[in-house]
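Residue strings, one per chain:
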Amino acid sequence: MSGGEQKPERYYVGVDVGTGSVRAALVDHSGVLLAFADQPIKKWEPQFNHHEQSSEDIWAACCVVTKKVVQGIDLNQIRGLGFDATCSLVVLDKQFHPLPVNQEGDSHRNVIMWLDHRAVSQVNRINETKHSVLQYVGGVMSVEMQAPKLLWLKENLRETCWDKAGHFFDLPDFLSWKATGVTARSLCSLVCKWTYSAEKGWDDSFWKMIGLEDFVADNYSKIGNQVLPPGASLGNGLTPEAARDLGLLPGIAVAASLIDAHAGGLGVIGADVRGHGLVCEGQPVTSRLAVICGTSSCHMGISKDPIFVPGVWGPYFSAMVPGFWLNEGGQSVTGKLIDHMVQGHAAFPELQVKATARCQSIYAYLNSHLDLIKKAQPVGFLTVDLHVWPDFHGNRSPLADLTLKGMVTGLKLSQDLDDLAILYLATVQAIALGTRFIIEAMEAAGHSISTLFLCGGLSKNPLFVQMHADITGMPVVLSQEVESVLVGAAILGACASGDFASVQHRQLKDSKKYKDK
Ligand SMILES: Nc1ncnc2c1ncn2[C@@H]1O[C@H](COP(=O)(O)OP(=O)(O)O)[C@@H](O)[C@H]1O
Ligand SMILES: O=C(CO)[C@H](O)[C@H](O)COP(=O)(O)O
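Residues numbered from 1 in each chain as written. Chains lettered and ligands numbered in written order. Predicted model: local features only at pLDDT ≥ 70, side-chain atom pairs only at ≥ 80, totals over all residues. Heavy atoms only, no water.

If you look the chain up in an unreviewed UniProt entry, it shows as FGGY carbohydrate kinase domain-containing protein from Pan paniscus. Check the Catalytic activity (unreviewed entry) section of the UniProt entry for the chain; it says "D-ribulose + ATP = D-ribulose 5-phosphate + ADP + H(+)". (UniProt positions renumbered as here; feature names shortened; annotations may be inferred.)

See below:
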């Protein structure tokens with residue numbers, strides 16, 4: 001928010017729906033986060049690789065956290081509201097009621113989560129078409145995108161779901177609809193996950209070729225035929241009903257949304273790093289890679305002209321920063337993989353007891369334990385005999401192979417706390433090597449990246465951050481405001497309020513200081 005007068009009495013609310021929890025923040029006119037709240041959300045895994053959520057449960061959590069962050073504030077001073085969320089698929093009937101996405105017919109579970117891998121046969125058939133839209137998703141469509149999931153619903157839940165469905169939303173668009181009653185979709189969702197082109201719109205031939213000609217016949221009304229840029233103001237703003245739910249006033253501006261990784265990217269990529277001696281200070285913004293690390297990691301690089309990187313999603317025009325092309329590399333499980341490795345180890349109960357006794361998180365405990373056992377050597381050397389291949393949920397980028405599995409080499413019979421700590425370290429290193437692999441693919445295709453900007457839950461883990469710096473050989477910049485994804489969501493609300501001229505102007509950047517690891 002450069003230039004202009006500071007008006008601290010103006011506030012914006014950002015709501016971020018991650019995989020495991022919903023967070024909200026109250027942010028002021030200059031980008032300072034004044035209040036934060038979070039709330040876990042439910043997840044179901046009724047079968048292996050089927051991951052479901054409930055849009056009602058998610059909305060209820062949005063209401064709880066929003067009410068908390070605006071407590072004690074004059075509601076008239078809240079100017080705008082922005083949402084970001086995971087790119088999960090929400091299914092509603094023609095009257096906007098939830099429909100089941102499962103064989104059990106449980107309509108409460110009406111969300112197929114982004115990491116759901118049920119539609120393998122469908123995505124393989126889509127990829128066999130070699131349709132030209134696939135050029136814009138790295139050459140290979142991911143099973144995590146919406147087209148294969150929609151085809152799965154048509155082929156598997158015809159009567160209970162497909163025939164009754166009136167609206168298929170990306171989760172960020174569901175939230176903005178719920179707040180405003182406006183069904184317009186965000187360009188971000190449609191371009192990144194639904195094969196929409198910012199320049200050419202929908203491609204009828206793609207949907208006909210894959211067997212979803214139904215959408216063409218009704219002019220895409222079920223998946224979106226009104227598309228708005230992220231940050232655009234929706235309809236008449238917050239409806240009276242949504243205002244009651246959220247504890248806000250009706251009519252405040254609500255923005256077209258972003259996917260969570262894109263909100264994180266927006267929150268950090270334009271950071272003012274002057275005075276820290278960073279190489280990127282004198283370089284264009286295209287030298288920066290935003291890495292958003294939560295349950296998964298997403299690697300967001302932008303360019304002036306389209307760059308086609310095999311196995312890396314995009315290029316997507318204006319999907320994150322208006323006027324720039326976006327390439328999005330990713331690792332489907334990172335935070336989830338670390339949790340999985342640590343919690344599944346025989347020494348996990350001992351770790352919990354010891355961490356609790358020291359009032360530390362298990363990761364803070366493990367990091368200090370590694371420091372203790374490394375002796376005179378750098379911590380990275382503890383894993384010379386132990387290696388992890390991190391593709392436990394397939395490889396999103398740059399191999400784009402969902403059939404890949406994880407691997408650990410160098411296991412011994414002992415399973416004590418030292419072994420757990422070293423396995424944890426090897427997992428973190430494997431994830432960082434995966435990031436390096438993605439950067440190498442992006443650079444080979446034409447990107448020139450010098451600096452990483454990390455955010456998301458894993459950026460709170462100093463070992464994770466340090467390993468990314470050591471293994472990529474690049475400086476890693478962290479925002480002083482750790483909840484950068486929420487800042488991105490609040491930027492959307494600020495944009496929709498009309499208080500600023502563009503999303504770039506609303507990058508709330510002047511108030512943030514950055515540290516170089
Ligand atoms: N303070 C912390 N130290 C280490 N790891 C953390 C910390 N906070 C969160 N994480 C890790 O980050 C991941 C979740 O990140 P988050 O951004 O909250 O996820 P999501 O957006 O997917 O819900 C988890 O795997 C968790 O273990
Ligand atoms: O595909 C994605 C973004 O395009 C993300 O992986 C997905 O939205 C999940 O995010 P998170 O790991 O932060 O919960």
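What the domain assignment lists for the chain is domain 1 (11–89 + 164–254) and domain 2 (273–478). With 10 residues of domain 1 at the interface, the matching set in domain 2 holds 9 residues. Across the domain 1 to domain 2 interface the summed buried area is about 790 Å²; carbon plus sulfur atoms make up 61%. Across the domain 1-domain 2 interface, the total number found is 0 salt bridges. Our count for the contact surface shared by domain 1 and domain 2 stands at 1 residue pair in polar contact (both at pLDDT 80 or more). For the side of domain 1 that touches domain 2, the residue count by class is 6 nonpolar, 2 polar and 2 charged. (Domains from an automatic or database assignment. Contact = heavy atoms within 4.5 Å. Buried area = accessible area lost by both parts, 1.4 Å probe. Salt bridge = Lys/Arg side-chain N within 4 Å of Asp/Glu carboxyl O. Polar contact = N/O pair within 3.5 Å; in protein donor to acceptor, adjacent residues only side chain to side chain. Nonpolar A, V, L, I, M, F, W, Y, C, P; charged D, E, K, R; others polar.)

Right, let's get into the pattern of salt bridges. By the definition in use, this model includes 18 salt bridges. The shortest N-O distance in the salt bridge between E144 and R396 comes to 2.7 Å. Residue E144 is located in the loop between α2 (120–128) and α3 (146–156), and its partner R396 is located in the loop between β18 (387–389) and β19 (407–409); the two are separated by 252 residues in the primary sequence. Taking the shortest distance from any N to any O, the salt bridge between E483 and K460 comes out at 3.4 Å. Here K460 lies in the loop between β20 (451–455) and α14 (462–472) and E483 lies in the loop between β21 (476–479) and α15 (484–497), a separation of 23 residues in the sequence. Relative accessible area serves as the criterion here: at 15%, E483 is assigned to the buried category. (Helix = DSSP H or I, 4+ residues; strand = E, 2+ residues; numbered from the N terminus. Buried < 20%, exposed > 50% of the residue type's maximum accessible area, 1.4 Å probe, protein only.)

The buried fraction of α3 is high, at 9 of 11 residues. Here α3 has its buried residues at Q146, A147, P148, K149, L150, L151, W152, L153 and K154.

Ligand 1 sits among 16 residues. The nearest are T19, R23, T295, D339 and G457. Contact between ligand 1 and T295: an oxygen atom at 2.5 Å from a side-chain N or O atom of the residue. A distance of 2.9 Å separates an oxygen atom of ligand 1 from a polar atom in the side chain of D339. With the chains in place, 74% of the 570 Å² that ligand 1 exposes on its own is no longer accessible. Going through the elements one at a time, β2 (21–28) and α10 (335–343) are the ones with two or more residues in the shell around ligand 1. Its residues placed into classes, the shell around ligand 1 shows 2 nonpolar, 10 polar and 4 charged. Split by domain, the residues of the shell around ligand 1 number at least three in each of domain 1 (11–89 + 164–254) and domain 2 (273–478). (Near = heavy atom within 4 Å. Areas by Shrake-Rupley, 256 points an atom, 1.4 Å probe, with all protein chains shown as cover.)

Right, let's get into the site of ligand 2. As a matter of local geometry, ligand 2 sits amid 15 residues, with T19, K193, D260, S296 and E328 nearest to it. Contact distances for ligand 2 include 2.6 Å between an oxygen atom and a side-chain N or O atom of E328. Isolated, ligand 2 exposes 380 Å² of accessible area, and the fraction of that covered by the protein chains is 95%. In terms of residue count, the dominant contributor to the shell around ligand 2 is helix α9 (residues 260–269) (3 residues). By residue class, the composition of the shell around ligand 2 is 6 nonpolar, 5 polar and 4 charged. Each of domain 1 (11–89 + 164–254) and domain 2 (273–478) gives at least three residues to the shell around ligand 2.

Another aspect to go through is the packing of aromatic side chains. For the structure on display, the rule yields 16 aromatic pairs. For the pair F96 and W177, a centre-to-centre distance of 4.7 Å together with 10° between the ring planes defines the contact as stacked. Taken together, the residues F96 in the loop between β7 (89–93) and β8 (111–112) and W177 in helix α4 (residues 171–180) connect sequence positions 81 residues apart. Accessibility expressed as a relative area gives 27% for F96, which makes it partly exposed. (Phe/Tyr/Trp six-rings, centres within 6.5 Å; stacked < 30°, edge-to-face > 60°.)

Here we take up the UniProt feature "domain: Carbohydrate kinase FGGY N-terminal" (unreviewed entry) in the chain. In this numbering, the UniProt entry assigns the feature "domain: Carbohydrate kinase FGGY N-terminal" (unreviewed entry) to residues 11–267. In residues 11–267, the share of helix is 30% and the share of strand is 23%. The end C-alpha atoms are 17 Å apart.

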